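Structural description and commentary
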Amino acid sequence: MGPLGAARIISTHARVVNPLAVSPFPKGGTQAGIRACYVCSLRANRFALTLIFLPLLAGALASQALFDKPVKVLGDPKFIGTAGNPLLFDSAGPNWVEGRELNNPLGVALDNSVSPPIVYIADTGNNRVLAFQYATQLTAGSFADLILGQPDRFTALPQGPNFCSGCGTLSTGLRAPTGLAVDSAGNLYVADSGDNRILRYPKPFSQPAGLQFPDLIIGQSTFAGSGGNTGGVKASTLLLTGSSFFAHTGLTFDAAGNLWVTDTGNNRVLRFPASVLAANQNGPSADIVIGQADFFSHVAATSQTSLSGLTNPTSVSFDSAGNMLVADSLSRAVVYPPASTTGA
């Protein structure tokens, strides 16, 4: 067990603006000559799309009544207005969606189990994950090779089991995905933060063409659940979204293949051992909790210098020596020594 005093804090001065996720190109990568570090920033989307206003002309131009509002907006597909009703819209889509654009992306991960590697991007605002094979990703403006979490490349509605007005009805879909991680076998883990769960998509590019289905749920027992802390705070529940904190979930694997998750709303980091990450074994329990004394507590740290707790952690990673680094909302990164266990 790592002693509490052994934890360290990096940068209590908030000099990095909204750091959300970082994914290095691992050692031994098969892409010759490439050394890269992918970073997602909340401040800017990868693609800035220009809005173009096009009036829809009905009939001869000379007889068309003039009005001062656009009836079609390229860059926001929800408007289907006419001259008589220029503000009519049919969906809450935030941007022009065709399978290659991003809206507030908050996560990125690389799969180096295949060649060329695969780049996965959490397209948070469009409620989906875009996948690019590495050669494709190097071509600006290319369409994604695969889209997860939506029924097609033109849909951006929030999906999941918590049906609402203006939402999609795909219970296996995504609602504001954030953190991503890929295991050594090429399985993709997605923090479906808006549905308080983590979904695993088994080797997405090896699945049959069409809608991709997850084979494991963490944080919920079935695809019908989406509430945070269902049944109370415990080893098998998560609270990944809420009105009082920024919803961003960090995922990573350690050298032994265990999955570590920043359970943001519960002010803790959970370890799910590799042994419970099995297909169709939904709702597994964590075996280690960091930042709390036990699996039933969720008290937030109140000081930047506190070594005994966390406040809304958003990202987790390991260095080559096995130290675990956790970023939380107290504008710091806390370093836990190797083999830290429950109570650290």
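Residues numbered from 1 in each chain as written. Predicted model: local features only at pLDDT ≥ 70, side-chain atom pairs only at ≥ 80, totals over all residues. Heavy atoms only, no water.

**Some words on the packing of aromatic side chains**
- According to the stated counting rule, one finds two aromatic pairs in the structure shown.
- An angle of 70 degrees between the planes, with centres 5.1 Å apart, marks the rings of Tyr189 and Phe253 as edge-to-face. Of the two residues, Tyr189 is situated in strand β11 (residues 188-192) and Phe253 in strand β14 (residues 251-253); the sequence distance between them amounts to 64 residues.
- Their ring planes at 65 degrees and their centres at 5.6 Å tell us that Trp260 and Phe318 sit as a pair that is edge-to-face. Of the two residues, Trp260 is situated in strand β15 (residues 259-263) and Phe318 in strand β18 (residues 315-318); the sequence distance between them amounts to 58 residues.
- With a relative accessible area of 5%, Trp260 lands in the buried category. (Phe/Tyr/Trp six-rings, centres within 6.5 Å; stacked < 30°, edge-to-face > 60°. Helix = DSSP H or I, 4+ residues; strand = E, 2+ residues; numbered from the N terminus. Buried < 20%, exposed > 50% of the residue type's maximum accessible area, 1.4 Å probe, protein only.)

**Some details on the confidence of the model for the chain**
- Counting all residues, the mean pLDDT for the chain is 80, and 71% of those residues have values of 70 or more.
- Counting contacts from residues 12-19, a segment whose pLDDT is below 50, to residues more than four positions away or on other chains yields eight contacts.
- Counting interchain partners and residues more than four positions distant, the pLDDT-below-50 stretch residues 25-77 has 107 contacts. (pLDDT = per-residue confidence, 0-100. Contact = heavy atoms within 4.5 Å.)

**Points about unusual backbone geometry**
- Between Ser115 and Pro116 the backbone carries a cis peptide bond, its omega angle lying at 0 degrees.
- Structurally, Pro116 is set in the loop between β6 (107-111) and β7 (118-123).
- The backbone of Asn196 shows a phi angle near 50 degrees, a positive value even though the residue is not glycine.
- Of note, Asn196 is situated in the loop between β11 and β12 (197-201).
- Among the residues examined, Asn196 registers a relative accessible area of 4% and is labelled buried.
- Positive phi values are uncommon outside glycine, yet Asn267 reaches one of about 55 degrees.

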